[in-house]
Amino acid sequence: MRQPLLAVKDLQTHFELRQWGFLRLGSVRAVDGVSFTLDVGESAAVVGESGCGKSSLARTLLGLYRPTGGEVLFEGRSLALLKGAAMKDYRARVGYVQQDPYGALPPFMNVRRILEEPLIIHGVRSRVDRHRRIDEALEEVGLGSAAEIRDTFPHQLSGGQQQRVVIARALLLRPHLIIADEPVSMLDASVRVEILDLLHSVQTVHGIALLYITHDLSTVRHYAHRVMVMYAGRMVEQASVESLLDRPQHPYTEALLAALADPDAENARHERHVPVGEAPSLLNPPPGCRFHPRCPQVIAGTCETRDPPDFEPFPDHRAACWLRE
Ligand SMILES: Nc1ncnc2c1ncn2[C@@H]1O[C@H](COP(=O)(O)OP(=O)(O)OP(=O)(O)O)[C@@H](O)[C@H]1O
Ligand SMILES: [Mg+2]
C-alpha cells in the first residue's frame, strides 16, 4: 500500500488551565484522540462548530503546538523527531493559510519583502531567482498583472488580495500540503468563492494535498474529496464527500446537514449552521459519547457511559456512534 502523505494517530493536544499561574484547574482537551490519513494530492475538509478543536489540530500539525500524545507522520517521518534542518524543510513542505489574512502578514513590509523573506530563509540565494519565483507566485494567485502590488503594504490591500498574498507565500516554497484554517470566514461573502476556487485550482494543478478547515459544510462538496466531522476534540465521522453528504451515519452530521438544508430554521443559529444545544466544555467533556447530551437518538444505558469506537458501516466510511454497531 502506498504511504500516505500525512498519518495522524491518536493525536492529543491538551492545554493546562491555571489560575494565578500556578493553581491547576484542569486541562482543555482541544484535540483528544484524532486519527486520520491524507494521501498525496488529496483534499480533506475538517468540519465542526466553534471551539471543537479545529485550529488546535491545525496548529499541532504545523508544529506550533507540541502534542500531548499520539503521533504525526509526514512522508513517513515523525514530526516529533524533526529538528533543525529537517524541521525547516517540514515548514517549507507544509503551507499555512489562516483565517485572518491581515494578521498573517507583517504590517511594515511590502508584498515583495513579505514574499522574499521565506525564500531567503530557505536558502534561495540569487536575487533574480527570488524575484522570478515571486512573480510566478503572484501570477498564480491572480495578482501578477498589477506591477505595483509588489510595493504595496498589507493595509492597502483588500481582504481578498491579502488572502491571495498569503496563498502566494505558501506556494513559494512548493509545499506538499496546505493547511487552510477557515480561509474565507473573515472575507466578504462576494470574494469567498473566488478564494476557495483559487485554493482548489493551485491544489489541483500542483498536486498539493489540502486540509481545508471550515465550519461550513455547504462548501465541502466542491472543494474536498473527503470530509471529517469533528466534535469536541474528536473525529466523529469520516468518509468521501459523496458518502458523507448522501448517507450521514452520525447524528451530529445529520444535525449539521439538517441545519444547512433549512437555514432559516431556529436551530441554524447565526450564520454558523449548528444543531440545537450547546457544544460541551472541553475541560470536562461528557462521559460516554460526547454528543449524547444533544443527541436525539440516544441509546439509554449505552451512550451516556460507553465511549463509541469507530464503526465502518460502509467501506471507508467511519462513524463513532453506537447506532452503527
Ligand atoms: N493556546 C491555547 N491555550 C488554552 N486553550 C486553548 C488554546 N487554544 C485553544 N484553546 C481552547 O481549545 C478549545 C478548542 O479551540 P480551537 O481554537 O482549536 O477551536 P476551533 O474549532 O478552531 O474554534 P473556531 O471555530 O471558533 O475557530 C477551546 O476551548 C479553546 O478555548
Ligand atoms: Mg479555529
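Note that the coordinates shown come from a computational prediction; the quantities given were computed from them, not determined experimentally.

Reading across the sheet, the eight strands line up as β6-β7-β8-β3-β9-β10-β12-β11 and stay open at both edges, with mixed pairing between neighbours. A single partner strand is all that each edge strand has here, and the edge strands are β6 (94-97) and β11 (311-314). On average, adjacent strands in this sheet sit at an angle of 20° to one another, irrespective of strand direction. Looking at chain direction, strand β9 (residues 226-231) and strand β10 (residues 234-240) are connected through six bridges and run antiparallel. Across the sheet, the residue bridging to Y231 is R234, located in β10. On the sheet, helix α1 (residues 54-61) packs against β3 (43-47), β7 (177-181), β8 (209-214) and β9 and is oriented at approximately 150° with respect to β7. Each of β6 and β7 is contacted by helix α6 (residues 159-172), which is oriented at about 175° to β6, the strand it contacts most.

Overall, the prediction assigns the protein a mean pLDDT of 92, with 95% of residues at 70 or greater. In this model residues 267-273 is a low-confidence stretch, pLDDT under 50, and it forms 17 contacts with partners more than four residues away in sequence or in other chains.

It is worth spelling out the pairing of strand β1 (residues 6-19) at this point. Both faces of the sheet carry side chains from a regular strand, because those side chains alternate between them. Of the strand pairs in this sheet, β1 and strand β4 (residues 69-74) are connected by five bridges, and their pairing is antiparallel. Looking across to β4, one finds that A7 is bridged to L73. Direction of pairing for β1 relative to strand β2 (residues 23-38): antiparallel, over a ladder of 12 bridges. Bridge pairing in β2 links L6 to L38. Once β1 ends, the chain turns through three residues before running back antiparallel as β2, passing W20 with a positive phi of about 55°.

In the vicinity of ligand 1 lie 13 residues, with F15, A30, K54, S55 and S56 positioned nearest. At the level of elements, β2 and α1 are the ones that each hand at least two residues to the shell around ligand 1. A total of three residues in the shell around ligand 1 trace back to one element, the largest contributor, which is α1.

Below, the discussion takes up the sheet that holds β2. With antiparallel pairing, four strands are arranged side by side in an open sheet as β2-β1-β4-β5. Each edge of the open sheet is held by one strand with a lone partner, namely β2 and β5 (77-78). Where β4 lies against β5, two bridges are found, and the strand directions are antiparallel. Bridged to L73 within β5 is S78. Along the sheet, α1 makes contact with β1, β2 and β4, crossing β2 at roughly 70°.

In a regular helix each residue adds 1.5 Å, so 18 residues correspond to 26 Å; helix α7 (residues 189-206) covers 27 Å between its end C-alpha atoms and thus fits that length. Regarding α7, the residues found buried are I195, L198, L199, V202 and Q203. The buried side chains of α7 occupy one side of the element, clustering within an arc of 125° when seen end-on. In α7, the exposed positions angled more than 90 degrees off the buried face are occupied by A189, S190, T204 and V205. Contact partners of the buried residues in α7: β3, α5 (127-140), α6, β7 and β8. The first or second residue beyond α7 is G207, which carries a positive phi of 65°.

Before going further, it helps to examine unusual backbone geometry. Positive phi, close to 50°, is recorded for E75, a residue that is not glycine. Despite not being glycine, R174 shows a phi value in the positive range, around 50°. Secondary-structure assignment places R174 in the loop between α6 and β7.

The next subject is the packing of α6 against α7. Close contact between α6 and α7 brings their axes to 10 Å; oriented N to C, the two are set at 10°. The angle between α6 and α7 falls in the class roughly parallel. When the axes of α6 and α7 are compared, the crossing they make is right-handed. Listed contacts from α7 to G159, G160, Q163, R164, I167 and L171 of α6 are V191, E194, I195, L198, L199 and V202. When its residues are assigned to classes, the contact of α6 with α7 shows seven nonpolar, three polar and two charged.

As a packed pair, helix α4 (residues 111-121) and α6 sit with axes 9 Å apart at the nearest point and diverge in direction by 25°. By the angle between their directions, the pair α4 and α6 is classed as roughly parallel. When you trace α4 past α6, the crossing you get is right-handed. Residues V111, I114, L115, P118 and L119 of α4 touch α6, and the partners they reach there are V165, A168, R169 and L172. Tallied by class, the residues present in the contact of α4 with α6 amount to eight nonpolar, no polar and one charged.

About the cut-offs
- Residues numbered from 1 in each chain as written.
- Chains lettered and ligands numbered in written order.
- Predicted model: local features only at pLDDT ≥ 70, side-chain atom pairs only at ≥ 80, totals over all residues.
- Pairing = 2+ DSSP bridges.
- Helix = DSSP H or I, 4+ residues; strand = E, 2+ residues; numbered from the N terminus.
- Axes fitted to C-alpha atoms, helices over the stretch in contact; angles between N-to-C directions.
- Contact = placed C-beta atoms within 7 Å.
- pLDDT = per-residue confidence, 0-100.
- Near = placed C-beta within 6 Å.
- Expected span 1.5 Å × (residues − 1).
- Buried ≥ 20, exposed ≤ 12 C-beta atoms within 10 Å, placed from the backbone.
- Arc of directions from axis to C-beta.
- Parallel < 35°, antiparallel > 145°, perpendicular 65-115°, else oblique.
- Left-handed = near helix turned anticlockwise from the far one by under 90°.
- Nonpolar A, V, L, I, M, F, W, Y, C, P; charged D, E, K, R; others polar.

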